[in-house]
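Architecture at a glance
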Amino acid sequence: MTLTTVLVLAAGTYAIRIGGVLLRERYSVPDRVRRMFALSAIALLAALYATNGLVDGEGFAGWARALGVGTGALLAVARLPFVVVVIGAALTTAGLRMIAIA
């Protein structure tokens, strides 16, 4: 990426942020749209989980990795500390790989 591209993207990002601050009092977002924003965030996280947790390169990453990421997701939903989530996911994946579940 060239310096010009980075600067243009940075300027656009700050313009959007400043626009939000300046327009906050002039425009109100309906409750239905706010709910859709929340649901879109959930959909984005699910897509990231699917691509990073289940796919490696061109194909399926294996059951150990998928179940490890799933364990991490369940621990995160249970609102456990981040360290516990990461260690739980890593132990699940490592344990399944030790018993030859790739």
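In short, a report on the structure. (Residues numbered from 1 in each chain as written. Predicted model: local features only at pLDDT ≥ 70, side-chain atom pairs only at ≥ 80, totals over all residues. Heavy atoms only, no water.)

Comments concerning the overall build of the protein chain
Our working definition: Only DSSP runs of H or I covering at least 4 residues are called helices, and only runs of E covering at least 2 are called strands; the numbering of each starts at the N terminus. Surface accessibility in these figures is a Shrake-Rupley result with a 1.4 Å probe; residues are shielded only by whichever protein chains are displayed. The charge count includes Lys and Arg as positive and Asp and Glu as negative, but it does not include His or the ends of the chains. Throughout, a charge is located at the NZ atom of Lys, the CZ atom of Arg, the CG atom of Asp or the CD atom of Glu.
Secondary structure assignment for the protein chain yields 4 helices and 2 strands. In the protein chain, the succession of helices and strands from N to C terminus is α-α-β-β-α-α. C-alpha extents for the protein chain along the principal axes are approximately 60 × 40 × 25 Å. With the model as given, the accessible surface of the protein chain reaches about 8,400 Å², and the carbon-plus-sulfur share is 72%. Across the protein chain, 9 positive and 4 negative side-chain charges occur, with their mean positions spaced 8 Å apart.

Quick notes on the pattern of salt bridges
Two side chains of opposite charge can pair, provided their charged atoms sit close to one another. In plain terms, the rule: The salt bridge definition used is simple: a Lys or Arg side-chain nitrogen within 4 Å of an Asp or Glu carboxyl oxygen.
On inspection of all chains with the given rule, the structure shows 1 salt bridge. The salt bridge partner of Asp56 is Arg65, with a shortest N-O separation of 3.9 Å.

Some thoughts on unusual backbone geometry
As a rule of thumb, non-glycine residues mostly have phi less than zero, and peptide bonds are mostly trans rather than cis. Positive phi, normally seen in glycine, also occurs at Arg79, with a value near 60°. By the element assignment, Arg79 lies in the loop between helix H3 (63-77) and helix H4 (82-98).

Thoughts on the environment of Ala66
We apply this condition: Whether two residues are in contact is decided by their heavy atoms, any of which lying within 4.5 Å being enough.
Considering the arrangement of structural elements, one finds Ala66 in helix H3. Residues Ala66 and Ala94, spaced 28 residues apart in sequence, show a C-alpha to C-alpha distance of 12 Å. Those residues in contact with Ala66, other than ones at most four positions away along the chain, are Tyr49, Gly53, Leu54 and Phe60.

So, a nonpolar patch on the surface
We count it as follows: In this analysis, a patch consists of residues with relative accessible area above 30% that form no salt bridge, clustered at 9 Å for like charges and at 5 Å for the nonpolar side chains Val, Leu, Ile, Met, Phe, Trp and Tyr. Each residue's exposure class comes from its accessible area (1.4 Å probe, protein chains only) as a fraction of the maximum for that residue type: buried when under 20%, exposed when over 50%, partly exposed otherwise.
There is a patch of nonpolar side chains on the surface, built from Phe60, Trp63, Leu67, Met98, Ile99 and Ile101 and spanning about 700 Å² of accessible area. The residue Ile99 is located in the segment after H4 in this model. Ile99 gets classed as exposed once you look at its relative accessible area, which sits at 57%.

So, the environment of Phe82
Along the chain, Phe82 falls in helix H4. Expressed as a C-alpha distance, the spacing of Phe82 and Ala41, which sit 41 residues apart in the sequence, is 20 Å.

Quick notes on the packing of H3 against H4
Defined as follows: Between the N-to-C directions of two axes lies an angle of 0 to 180 degrees, each axis being a line fitted to C-alpha atoms and, for a helix, fitted only over the stretch in contact. Orientation is classified from the angle alone, with under 35 degrees giving roughly parallel, over 145 giving roughly antiparallel, 65 to 115 giving roughly perpendicular, and any other angle giving oblique. The sense of a crossing depends on the near helix, which, turned anticlockwise from the far helix by less than a right angle, makes the crossing left-handed and, turned clockwise, makes it right-handed. Only Asp, Glu, Lys and Arg are considered charged in this grouping, and only Ala, Val, Leu, Ile, Met, Phe, Trp, Tyr, Cys and Pro are considered nonpolar; every other residue, Gly among them, is considered polar.
It is at 8 Å that the axes of H3 and H4 come closest, and there the two elements cross at 155°. For the element pair H3 / H4, the angle class is roughly antiparallel. Crossing of H3 over H4 shows right-handed handedness. When H3 is examined against H4, the residues Trp63, Ala64, Arg65, Leu67, Gly68, Thr71, Gly72, Leu75 and Ala76 are found in contact with a partner set consisting of Val84, Val85, Gly88, Ala89, Thr92, Thr93, Leu96 and Arg97. Grouping the amino acids of the contact of H3 with H4 by side-chain chemistry returns 9 nonpolar, 6 polar and 2 charged.

Observations regarding the side chain of Thr93
Let me state the cut-off plainly: Any N or O atom pair separated by 3.5 Å or less is treated as a polar contact, with the protein-specific requirement of one donor-capable and one acceptor-capable atom, and with residues adjacent in sequence counted only for side-chain atom pairs.
Mapped onto the secondary structure, Thr93 falls in helix H4. Here Ala89 takes part through its backbone oxygen, which lies 3.0 Å from a polar atom of the side chain of Thr93. The contacts of Thr93, once residues within four sequence positions are left out, are Ala64, Arg65 and Gly68.

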